[in-house]
Amino acid sequence: MKLVFGPVNSRRFGLSLGVDLSPFTKQCNFDCVYCELSPKKPMIAQNQVVEVDEILKQINDTLKSGVEFDFLTLTANGEPSLYPHLKELILSLKKSLKNKKILILSNGTAVLDENKFNTLLLFDVVKFSLDSAIQKTFYRIDRALKEINLELLIKKMADFQRTFKGELVMEILVVKGLNDNEKEFLALNKALAKIKPLRVDISSIDRPPAYAVKRVSEERLNELATLINSVPVLIAKRTYNKQSLEFSKEELLKSLHLRPQSELDINALFSDKSKQNLELLIKEEKIKILDLAGIKFYKA
Ligand code: SF4
């Protein structure tokens, strides 16, 4: 059973070597409508568990082949924090991978369990999902186990960030007709203001989903992103044609003061003249460059 895959060059987290902590079948406490895996009743714990030694052996074999990567990413067919030996695994990985960052792509529910909460504190980078801050929509999109309380989840995510020494990134996946409206994004903005992650990544469906739901356009993602002003936003999978937006130095200062923007978005959207103006402002030390979990952001 192959547990290690890649490395893949991910726009959001650089060159990443992936590890699958649920190789046999989907094991998740959510059953998201947009999941790229087939629908399955959510579960509280894994019942098919791969041995830690087998995971470590496969990672070591891959390392011996001299493969280059920036992040080791723990993921799963399902929710990786349901893996029962996660603490043992991360402690071993931290010893053997001293120069690499270790990332977990989680739906965030680990924060509801004290042991898992403490285990996630050992990671360098943690990604949590939050598709809605409104209970009814949260259950409609994520189809979570009913004992998962959204209000508590948001509170615990905020507690986690207060204690965490690494980098926390949040992710919102937008589904047409469910969370693609102003009310949802105003509620998400409030929740993110409480959680205070380094950045939030916004995307829509890009692979065939588990249920009959639809993606939203990138133009709509951009509109919704303007409703988030509590944390820097990255439109995670931008694919549409390049634009040539013109901004004077004053306009750049104003807009980057209100909302920092990623290098990726600036490259896709700004005209050459706007980019030159940005360079001038950086030289004049009026704009700062921030590294937010591996993505460059510009902030006035
Ligand atoms: S949390 Fe991830 S794996 Fe689980 S149902 Fe949602 S998309 Fe699928």
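Note: the structure precedes this text.
Keep in mind the model is a prediction, meaning the values are calculated, not measured.

Trainee: Residues and numbers for the sheet that holds strand S9 (residues 261-262), please.
Mentor: Pairing is antiparallel in the open sheet, where 3 strands are placed in the order S9-S11-S10. Whereas interior strands pair on both sides, the edge strands pair on one side only; in this sheet they are S9 and strand S10 (288-292). Bridge count for S9 against strand S11 (residues 295-299) is 2 bridges, and the pairing is antiparallel. In the sheet register, Ser262 faces S11, and the bridge partner there is Phe297.

Trainee: Can you lay out the pairing of S11 for me, pointing to particular residues and giving the numbers?
Mentor: Sheet topology places S10 next to S11; 5 bridges connect them, and they run antiparallel. Residue pairing across strands places Ile289 opposite Tyr298, the latter belonging to S11. Turn length for the S10-S11 hairpin, with the two strands adjacent in sequence and antiparallel, is 2 residues, and the turn residue Ala293 shows positive phi of about 55 degrees.

Trainee: Tell me about a negative patch on the surface, and please be specific about residues and values.
Mentor: Judged by side-chain charge, Glu51, Asp53, Glu54 and Glu88 come together as a negatively charged surface patch. Its location among the elements puts Glu88 in helix H2 (residues 86-96).

Trainee: Describe the environment of Asn277, and please don't skip the residues or the numbers.
Mentor: Of note, Asn277 is situated in helix H10 (residues 272-283). A sequence separation of 31 residues divides Asn277 from Glu246, and the C-alpha atoms of the two residues are 9.7 Å apart. The contact partners of Asn277, leaving out residues within four places of it in the chain, are Phe247, Ser248, Lys249 and Leu252.

Trainee: Tell me what's going on with the packing of helix H8 (residues 249-258) against H10, and back it up with residues and numbers.
Mentor: The packing of two helices is summarised by the inter-axis angle and the distance between the axes. Running from N to C, H8 and H10 point in directions that differ by 75 degrees, and their axes come no closer than 9 Å. Overall, the two elements H8 and H10 adopt an arrangement that is roughly perpendicular. Only Ser274, Asn277, Leu278, Leu280 and Leu281 of H10 make contact with H8, whose side of the interface consists of Lys249, Leu252, Leu253 and Leu256. Classifying every residue of the contact of H8 with H10 gives 6 nonpolar, 2 polar and 1 charged.

Trainee: A description of the packing of helix H1 (residues 52-64) against H2 should follow, citing residues and the corresponding values.
Mentor: Where H1 contacts H2, the axes come no closer than 10 Å and their chain directions differ by 30 degrees. By the angle class used here, H1 and H2 are roughly parallel. Handedness of the H1/H2 crossing: right-handed. Across the interface between the two elements, Val52, Ile55, Leu56 and Ile59 from H1 touch Glu88, Leu89, Ser92 and Leu93 from H2. Looking at the contact of H1 with H2 residue by residue, the class counts come to 6 nonpolar, 1 polar and 1 charged.

Criteria and cut-off values
- Residues numbered from 1 in each chain as written.
- Predicted model: local features only at pLDDT ≥ 70, side-chain atom pairs only at ≥ 80, totals over all residues.
- Heavy atoms only, no water.
- Pairing = 2+ DSSP bridges.
- Helix = DSSP H or I, 4+ residues; strand = E, 2+ residues; numbered from the N terminus.
- Patch = residues over 30% accessible without salt bridge, like charges linked within 9 Å, V, L, I, M, F, W, Y side chains within 5 Å.
- Areas by Shrake-Rupley, 256 points an atom, 1.4 Å probe, with all protein chains shown as cover.
- Salt bridge = Lys/Arg side-chain N within 4 Å of Asp/Glu carboxyl O.
- Lys, Arg positive; Asp, Glu negative; His and termini not counted.
- Charge placed at Lys NZ, Arg CZ, Asp CG, Glu CD.
- Contact = heavy atoms within 4.5 Å.
- Axes fitted to C-alpha atoms, helices over the stretch in contact; angles between N-to-C directions.
- Parallel < 35°, antiparallel > 145°, perpendicular 65-115°, else oblique.
- Nonpolar A, V, L, I, M, F, W, Y, C, P; charged D, E, K, R; others polar.
- Left-handed = near helix turned anticlockwise from the far one by under 90°.

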